Amino acid sequence: MSAAPPDNDVLWARGIVKSHYGTPALRGISIGVREGEVLAVTGPRGSGKSTLLGCLSAQLPVDEGEVWFNSSPVHTLGRAGRERLRRDRFGFVGSEPHLVPELTARENVALPLLLAGAGHKAAYTAATEWLERLDVGDIARHRPDRLVQSQCQRIAVARALAPLPPVVFADDPTAPLHREAAEQVLRILTSAARSHQLTLVLATHDPELIRFADRAVGLVDGRITAPAAPVPRGTVAPAGASVVTATRR
Ligand SMILES: Nc1ncnc2c1ncn2[C@@H]1O[C@H](COP(=O)(O)OP(=O)(O)OP(=O)(O)O)[C@@H](O)[C@H]1O
């Protein structure tokens, strides 16, 4: 019989093992994410970051181990239960924006709100506000084919944040951006998460970007590297330098 997860961890996992068609991706990962914190998952390409986010966010079933969200088990849910959890409680930003090409920027951001049952006016007002926060309010009526990738990625961030999900997963969200745009998008993403008390799990292969997080966990070959301190404010921490023990601010 397993122990219950700690109350103050919004996400908690123990001993996750996951393979893709026989290729091991996670080899026994245990991790806790506190409510309202920004946790960076860092490591080289192929180290298992996307797979870890997939398991924590109920996109991928684990082969072994446990995943809990708000003290409820995720690892025992079937496909429909995992889909419901993702739709109702989690937001996602990937390395590609994946906008609906037929819809304007504003319609893309309003879409998840409308699907969740928000009224038309409320959804479009919120979409406009989030686009303005992401500095792309001026292109609200444009379709993605008229926009550059950094604008599309900002729209994708607005779309993930607008419903204010308790947890946002961002898997290498700055991959298509140059350094300046990457830093700006991460600054907006992390400050929006903090000001709305959202929990953010951020995967990045770029060790310089973990300074935007409160804590960081390093992965190598599907395993967590040695535990260490929280990300110090205003510094650049090396990859795999810290794991998961203290609070932010
Ligand atoms: N769909 C898949 N089919 C087969 N192998 C996969 C699949 N997805 C991931 N893998 C393998 O699992 C391991 C971990 O991959 P994962 O994508 O989780 O790492 P990552 O750290 O996110 O890498 P990247 O930074 O390149 O996205 C790698 O060896 C990868 O080749």
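Residues numbered from 1 in each chain as written. Predicted model: local features only at pLDDT ≥ 70, side-chain atom pairs only at ≥ 80, totals over all residues. Heavy atoms only, no water.

- As recorded by an unreviewed UniProt entry, the protein carries the name ABC transporter ATP-binding protein and is attributed to Kitasatospora aureofaciens.

## Details of the overall build of the protein
- Scanning the protein for helices and strands turns up six helices and ten strands.
- Out of the 249 residues in the protein, the part that is buried amounts to 49%.
- For the protein, contacts bridging at least 24 residues in sequence account for 68% of all contacts bridging at least 6.
- Carbon and sulfur atoms provide 51% of the accessible area of the protein, an area that totals close to 11,600 Å². (Helix = DSSP H or I, 4+ residues; strand = E, 2+ residues; numbered from the N terminus. Buried < 20%, exposed > 50% of the residue type's maximum accessible area, 1.4 Å probe, protein only. Contact = heavy atoms within 4.5 Å. Areas by Shrake-Rupley, 256 points an atom, 1.4 Å probe, with all protein chains shown as cover.)

## What about the sheet that holds strand E6 (residues 90-93)?
- The six strands lie next to each other as E6-E7-E8-E3-E9-E10, forming an open sheet whose pairing is mixed. Of all strands in the sheet, those bounded by a partner on one side alone are E6 and strand E10 (223-224).
- Looking at chain direction, strand E3 (residues 38-42) and strand E9 (residues 215-220) are connected through four bridges and run parallel. Following the sheet pairing, Ala-40 is matched in E9 by Ala-216. (Pairing = 2+ DSSP bridges.)

## Comments concerning the site of the ligand
- In the neighbourhood of the ligand, the contacting residues comprise His-20, Tyr-21, Ala-25, Pro-44, Arg-45, Gly-46, Ser-47, Gly-48, Lys-49, Ser-50 and Thr-51.
- A distance of 3.0 Å separates an oxygen atom of the ligand from a polar atom in the backbone of Gly-48.
- Taking Ser-50, its main chain carries an N or O atom lying 2.8 Å from an oxygen atom of the ligand.
- Out of a free accessible area of 620 Å², the ligand has 62% covered by protein chains. (Near = heavy atom within 4 Å. Polar contact = N/O pair within 3.5 Å; in protein donor to acceptor, adjacent residues only side chain to side chain.)

## Let's talk about the packing of helix H3 (residues 105-115) against helix H5 (residues 149-161)
- Remark: H3 packs on H5, axes separated minimally by 8 Å, with the N-to-C direction vectors making an angle of 25°. The orientation of H3 relative to H5 falls into the category roughly parallel. Handedness of the H3/H5 crossing: right-handed. For the pair H3 and H5, the contacting residues are Ala-105, Asn-108, Val-109 and Pro-112 in the first and Ile-155, Ala-158 and Arg-159 in the second. (Axes fitted to C-alpha atoms, helices over the stretch in contact; angles between N-to-C directions. Parallel < 35°, antiparallel > 145°, perpendicular 65-115°, else oblique. Left-handed = near helix turned anticlockwise from the far one by under 90°.)

## Regarding unusual backbone geometry
- With a phi close to 50°, His-98 is a non-glycine residue in the positive phi region.
- Position of His-98 relative to the elements: it lies in the loop between E6 and H3.
- With phi around 50°, Leu-164 is a residue other than glycine that occupies positive phi space.
- Secondary-structure assignment places Leu-164 in the loop between H5 and strand E7 (167-171).
- Leu-164 sits in the partly exposed class, given a relative accessible area of 41%.

## Focus: the layout of surface pockets
- Volume-wise, the largest pocket comes out at about 760 Å³.
- Contributions of two or more residues to the lining of the largest pocket are made by helix H1 (49-56), helix H2 (79-89), E6, H3, H5 and E7.
- For the lining of the largest pocket, the class distribution of residues is 16 nonpolar, eight polar and seven charged. (1 Å grid on protein atoms, 1.4 Å probe; cavity = no way out; pocket = protein on both sides within 12 Å on 5 of 7 lines; lining within 4 Å. Points joined across faces, edges and corners; volume = space filled by probe spheres on them. Nonpolar A, V, L, I, M, F, W, Y, C, P; charged D, E, K, R; others polar.)

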